Amino acid sequence: MPSLSPSPTASRWKGFANERERFLAAYRWMILARIFEEKIAALYRAGKIVGGVYLGRGQEAFSVALGMQLDQAHGDLFAGLIRDQGGRMAFGETLMDSARTYLGSVEGPMRGRDGNIHRGRPTRGMPAMISHLGTMVAVVNGMLMAKRFHGRVDVVGGVTIGDGGTSTGAFHEGLNQAAVEKLPLVVAVADNQYAYSTPTCHQYACADLADRAAGYGVRGYSIDGTDLTACLETFHEAIERARRGEGPQLVVGKLLRLAGHGEHDDARYIPARKRQEPHGGDCVALAREKALKSAWASAKEIDEWHAQTQERVEEAVARAQSEPEPNPFRESWHALATKHLAEGTPPAQ
Amino acid sequence: MSITYLDAIREAQARALEEDPNVFIYGQDVADFGGAFKATKGLAERFPGRVIDAPISEDAIVGSAVGAAIEGMRPIVEMQFADFSAVAFNQIVNQSATHYWRTGVPCPITIRLPSGGTEGSGPFHSQSVESLYAHYPGLIVMTPATVEDAYGMLLEAIRIEDPVIFCEHKLLYYHLKADALPRSVLPVGKARIARVGRHASVVACSAMVHEALRAARVLADEGWEIEVVDLRTAKPIDTDTILASVARTGRLLAVAESFPWGGITAEVVSRVVTEGFHLLDAPPQRLNSKDTPVPYHPNLWRAHRPTWQSIAASVRHLLGL
Ligand SMILES: Cc1ncc(C[n+]2csc(CCOP(=O)(O)OP(=O)(O)O)c2C)c(N)n1
Ligand SMILES: [Mg+2]
């Protein structure tokens, strides 16, 4: 069975022995993300999750290829957004962190204060997204600048965004800043053809978002985001270039959101034919096909991975569900780290 | 026929589009999709070319609305959530709010903000920002609490020559219903006595009016008659109506969902204290959300915002019970 995490020795395959190993490791992260999100969606439909549920269905290959090839232990960073279940876990977020945040467990990193995809562990290279799109780019820039202050120039920050998010001023400012500072930043733009209901024709007027790279003075790539191999190859190159000091890399993945904007949305506005058009395929199914065709895995093996993963997911969710919910009477109701300056706190003796 | 708060907002926009060819609607997903909350459903079809999908560019959305207004248009901007107006803060407070004062040319834009907390919405889809914008000279801030006001005040907002921040509460969208659209509503700037009482005045706005009314009903069972004042507009504040109410009751509790530091409740209390100190039989009270971001988990969220229970408790305290 291929190992899920790379061995520390760097290589052409980013720590994996060969292409097969890398591909299958990524594919298994994709399966985990897909199965976990299906479970979360089922819980949402059953009324067990409040608030929004947003899925990365169709974007797992693109997300995982970035997350998996960054090196958390080395000090790399990964700032995922709403469709990055795969990338987050492949980078190093635990399944329990994901499950607990959806279910509001006090044991989770957000302790019920924030929920669903609004989660992270900033001290472990995973900044916690806010909803406001585009804003995480500059935050990752700052983390990279701090690393540089501390003498670390060999770490890479990965940040993700959607086609819609590229229309924000924050995104522009962040990318320009990264370019000016020549930061080791890899920006993954998942161009999934829609921002909520809005097609990309109302979002940008260039032929390809990667065309913008030249304007910022950064290297641009445009790839089929449903093709796992292309994603792995491209992010491998982008990460290595960033690590070598070549500055920000802008990778645009063409794909299709294979779900509603959130689970509340039936996405009736996406014509069915889109799934037959280029980049409209399901990357998980495509990866399976490729694994079978290359004789890298048998159907039986893949079925086993599915079954094992399903079990792992059920276990994690059951555990998170059995954990205590936040108790308002136990909350400090203070938002300051400087405890003695929080209003309503008695002065220290 | 039954009309929801959300229907009223849609109908007001339809009427404005019908009556004035200069009105147009600009925001994310507002056209064919009809908006994240369906507040513009069907309008793109009825008014071709006048309900326009925007990129995710709040700064540019408001900036261009200002420009269009200068040229004689009457833009209605829909923010997907009030929280995202933070991205357009600069254009709102520095561009739109100062424009008339600096140039003598009015800036009639209406910015609709789906506001307030709902279960599970968390820190970035729950904020009440009326106090924030009310702080700035040059803005009008509306906080309708009824279906009638949602309709009438939005129509007024669009007609007004100044930038209007229109805070519509998401909790009221679907649940609040009326039999018909109003023929007329109180003038903008006038508060409304939502319930008559004589033992204490609760001054509130938006969804908090309904929490206050429920608290008043509970306290009525115990023999206390609580007056509820619905501010309707957070700016300007109708000080006269508040003072008249306090003159009748001698006791004041100001309630709002926004964060506790400063803001509407502080403004109400300070006006009553400075202009009507002699009317007070007890120290006036304020009740706001807690001084943390709005929590995600419903257990925390319910404790974070003022509710009819916490309002009733505050009123009891005010009554010396
Ligand atoms: C600044 C800002 N404005 C509005 C929103 C509301 N919103 C959340 S997701 C979304 C669409 C995002 O589209 P895109 O960036 O293409 O990402 P996708 O959902 O397709 O992955 C919008 C408009 C937001 N989160 N941030
Ligand atoms: Mg998109």
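Residues numbered from 1 in each chain as written. Chains lettered and ligands numbered in written order. Predicted model: local features only at pLDDT ≥ 70, side-chain atom pairs only at ≥ 80, totals over all residues. Heavy atoms only, no water.

**Focus on the sheet that holds strand E3 (residues 185-191) of chain A**
All names here are of chain A. Pairing is parallel in the open sheet, where five strands are placed in the order E1-E2-E3-E7-E6. The strands lining the two open edges of the sheet, one partner per strand, are strand E1 (77-79) and strand E6 (219-224). Pairwise comparison of adjacent strand axes, ignoring direction, gives a mean angle of 20° for this sheet. In this sheet, E3 lies alongside strand E2 (residues 157-162) in parallel orientation, the contact comprising six bridges. Looking at the pairing, Val159 lines up with Val187 of E3. Together, E2, E3 and strand E7 (249-254) form the strand contacts of helix H6 (residues 169-180), whose direction differs from that of E3 by roughly 145°. This element, helix H8 (residues 228-243), spans E3, E6 and E7 of the sheet and lies at about 165° to E6. (Pairing = 2+ DSSP bridges. Helix = DSSP H or I, 4+ residues; strand = E, 2+ residues; numbered from the N terminus. Axes fitted to C-alpha atoms, helices over the stretch in contact; angles between N-to-C directions. Contact = heavy atoms within 4.5 Å.)

**As for the interface of chain B and chain A**
The interface of chain B with chain A comprises 31 residues on the first partner and 41 residues on the second. Buried surface at the junction of chain B and chain A, summed over both partners, amounts to about 2,700 Å²; 64% is from carbon and sulfur atoms. The interface formed by chain B and chain A includes zero salt bridges. The interface formed by chain B and chain A includes 13 residue pairs in polar contact (both at pLDDT 80 or more). Of all the elements, helix H10 (residues 298-304) of chain B adds the most residues to the side of chain B that touches chain A, at five residues. Tallied by class, the residues present in the side of chain B that touches chain A amount to 17 nonpolar, eight polar and six charged. (Buried area = accessible area lost by both parts, 1.4 Å probe. Salt bridge = Lys/Arg side-chain N within 4 Å of Asp/Glu carboxyl O. Polar contact = N/O pair within 3.5 Å; in protein donor to acceptor, adjacent residues only side chain to side chain. Nonpolar A, V, L, I, M, F, W, Y, C, P; charged D, E, K, R; others polar.)

**Comments concerning the site of ligand 1**
Contacts to ligand 1 come from 20 residues, most closely from Arg83, Gly164, Gly165 and Asn192 of chain A together with Glu58 of chain B. Those residues lying near ligand 1 are distributed over chains A and B. Here an oxygen atom of ligand 1 sits 3.1 Å away from a polar atom, N or O, in the side chain of Asp163 of chain A. A distance of 2.8 Å separates an oxygen atom of ligand 1 from a polar backbone atom of Gly164 of chain A. Expressed as a share of its isolated accessible area of 580 Å², the protein-covered part of ligand 1 is 95%. Broken down by class, the residue content of the shell around ligand 1 amounts to eight nonpolar, nine polar and three charged. (Near = heavy atom within 4 Å. Areas by Shrake-Rupley, 256 points an atom, 1.4 Å probe, with all protein chains shown as cover.)

**A word on the domain arrangement of chain B**
All names here are of chain B. The domain architecture assigned to chain B consists of domain 1 (3-178) and domain 2 (192-318). At the interface, 29 residues of domain 1 touch 23 residues of domain 2. A combined buried area of about 2,100 Å² lies between domain 1 and domain 2, and 57% of that area is made up of carbon and sulfur atoms. The three residues of domain 1 that bury the most area against domain 2 are Glu119, Ser131 and Thr143, which together make up 22% of that side's buried surface. Scanning the region where domain 1 abuts domain 2 turns up two salt bridges. With its nearest N and O atoms 2.8 Å apart, the salt bridge here joins Arg302 to Glu119. (Domains from an automatic or database assignment.)

**Brief notes about the coordination of the magnesium ion (ligand 2)**
Residue and element names in this part refer to chain A. Asp163 (OD), Asn192 (OD1) and Tyr194 (O) make up the full set of protein donors to the magnesium ion (ligand 2), lying at 2.0 to 2.2 Å. The sequence motif formed by the donor residues of the magnesium ion (ligand 2) is D-x28-N-x1-Y. Here Asp163 is found in the loop between E2 and H6, whereas its partner Asn192 is found in the loop between E3 and strand E4 (194-195), with 29 residues between them in sequence. Both residues of the pair, Asp163 and Asn192, belong to the buried class. (Donors = N, O, S within 2.8 Å, 3.2 Å for Na, K, Ca; no water. Buried < 20%, exposed > 50% of the residue type's maximum accessible area, 1.4 Å probe, protein only.)

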